[in-house]
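# A structural walkthrough
Residues per chain are reported as follows:
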Amino acid sequence: AQKVTQAQTEISVVEKEDVTLDCVYETRDTTYYLFWYKQPPSGELVFLIRRNSFDEQNEISGRYSWNFQKSTSSFNFTITASQVVDSAVYFCALKGGSYIPTFGRGTSLIVHP
Amino acid sequence: DGGITQSPKYLFRKEGQNVTLSCEQNLNHDAMYWYRQDPGQGLRLIYYSQIVNDFQKGDIAEGYSVSREKKESFPLTVTSAQKNPTAFYLCASTQGFTDTQYFGPGTRLTVL
């Protein structure tokens, strides 16, 4: 069985602070894919990144960066110099050898001006 | 532009009525999904379809029905048997099982 744990239910920061959202996963599949999505107040889930289990390179995209560590089964997401527009719910997801992804319960990020 | 459309954005239903939520995609994706999201909660899978004319129940299929007559369309009917249908409904699609899942804008259903 697959499992994704986002232990942080809600994080509150002040603009320009750095913030890391944690994601820990469990799977027995040797090939799997990890995802992060952003859900702004409008409701639509916006795809941010996809990583396969064979690629442990960290990735940076502007103020966003992702740290994938198979040794600790973690796929953490860092926002550098946060902005009010980053306020949203962020979901981590895992997909193994099936069509059905497993989502974490989400982390609500509130960035105060 | 390729994408997933859901309509309507907001839907109000009286108790005892069936209602159908629309989901259309022009991404040429094979698989489509319906999720339910309650306030402060994660996503729960209702139904999914990997191919036309075939679909499977997800974790919370009771009180819901779907059809997949065309590759582009995967409508969800919320029946009167669904006891607590007020929620946010999200449709998604993906090309293959290794591929990324993309989501529509959602439909917010309220039962009056």
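Because the structure is a prediction, the values reported are computed rather than measured.

Quick notes on the rules
- Residues numbered from 1 in each chain as written.
- Chains lettered and ligands numbered in written order.
- Predicted model: local features only at pLDDT ≥ 70, side-chain atom pairs only at ≥ 80, totals over all residues.
- Heavy atoms only, no water.
- Helix = DSSP H or I, 4+ residues; strand = E, 2+ residues; numbered from the N terminus.
- Rg over C-alpha atoms; globule rule 2.2 N^0.38 Å.
- Buried < 20%, exposed > 50% of the residue type's maximum accessible area, 1.4 Å probe, protein only.
- Contact = heavy atoms within 4.5 Å.
- Areas by Shrake-Rupley, 256 points an atom, 1.4 Å probe, with all protein chains shown as cover.
- Lys, Arg positive; Asp, Glu negative; His and termini not counted.
- Charge placed at Lys NZ, Arg CZ, Asp CG, Glu CD.
- Disulfide = S-S within 2.5 Å.
- Buried area = accessible area lost by both parts, 1.4 Å probe.
- Salt bridge = Lys/Arg side-chain N within 4 Å of Asp/Glu carboxyl O.
- Polar contact = N/O pair within 3.5 Å; in protein donor to acceptor, adjacent residues only side chain to side chain.
- Nonpolar A, V, L, I, M, F, W, Y, C, P; charged D, E, K, R; others polar.

## Thoughts on the overall build of chain A
Broken down by element type, chain A carries zero helices and twelve strands. Each helix and strand of chain A, placed in order from N terminus to C terminus, yields the pattern β-β-β-β-β-β-β-β-β-β-β-β. In terms of overall size, chain A behaves like a compact globule, its C-alpha atoms giving a radius of gyration of 14 Å where 113 residues would be expected to give roughly 13 Å. For chain A, buried positions account for 43% of its 113 residues. Nonlocal contacts in chain A, meaning residues at least 24 apart in sequence, comprise 55% of its contacts between residues at least 6 apart. Counting only carbon and sulfur atoms, one obtains 48% of the accessible surface of chain A, whose full area is about 5600 Å². Counting 10 positive and 12 negative side-chain charges, chain A places the averaged centre of each group 6 Å from the other.

## Considerations on the environment of B:Thr107
Residue and element names in this part refer to chain B. By secondary structure assignment, the location of Thr-107 is in strand E11 (residues 107–111). Assessed through its relative accessible area of 0%, Thr-107 is described here as buried. Remark: the alpha-carbon pair of Thr-107 and Thr-5, spanning 102 residues in sequence, is separated by 10.0 Å. Not counting chain neighbours up to four residues away, the residues in contact with Thr-107 comprise Gln-6, Ser-7, Pro-8, Lys-9, Leu-11, Leu-21, Ala-87, Phe-88 and Tyr-89.

## A closer look at the state of the cysteines
Covalent bonding between the sulfur atoms of two cysteines is what defines a disulfide. Within this structure, the stated rule accounts for two disulfides over all chains. Note that A:Cys23 is cross-linked by a disulfide to A:Cys92, the S-S spacing being 1.9 Å. Here the disulfide of A:Cys23 and A:Cys92 is left-handed, its torsion about the S-S bond being about -65 degrees. Placement of the pair is A:Cys23 in the loop between strand E3 (19–21) and strand E4 (24–26) and A:Cys92 in strand E10 (residues 88–95), with a sequence separation of 69 residues. Given the relative accessible area of 0%, A:Cys23 is considered buried. The disulfide that involves B:Cys23 links it to B:Cys91, with 1.8 Å between the sulfurs. In this structure, the disulfide formed by B:Cys23 and B:Cys91 twists by about -70 degrees around the S-S bond and is classed as left-handed. Taken together, the positions of B:Cys23 in strand E3 (residues 19–25) and B:Cys91 in strand E9 (residues 87–94) put the pair 68 residues apart, joining distant regions of the chain. You can call B:Cys23 buried: its relative accessible area is 1%. B:Cys91 sits in the buried class, given a relative accessible area of 0%.

## What about the interface of chain A and chain B?
Contact residues are listed per partner, giving 20 residues for chain A and 23 residues for chain B. When chain A packs against chain B, the two sides together hide about 1900 Å² of surface, and 57% of this comes from carbon and sulfur. The interface formed by chain A and chain B includes zero salt bridges. Summed over the shared surface of chain A and chain B, the result is four residue pairs in polar contact (both at pLDDT 80 or more). Ranked by residues supplied to the side of chain A that touches chain B, first place goes to strand E5 (residues 33–39) of chain A with four residues. Broken down by class, the residue content of the side of chain A that touches chain B amounts to ten nonpolar, six polar and four charged.

Keep in mind these values describe shape, not function.
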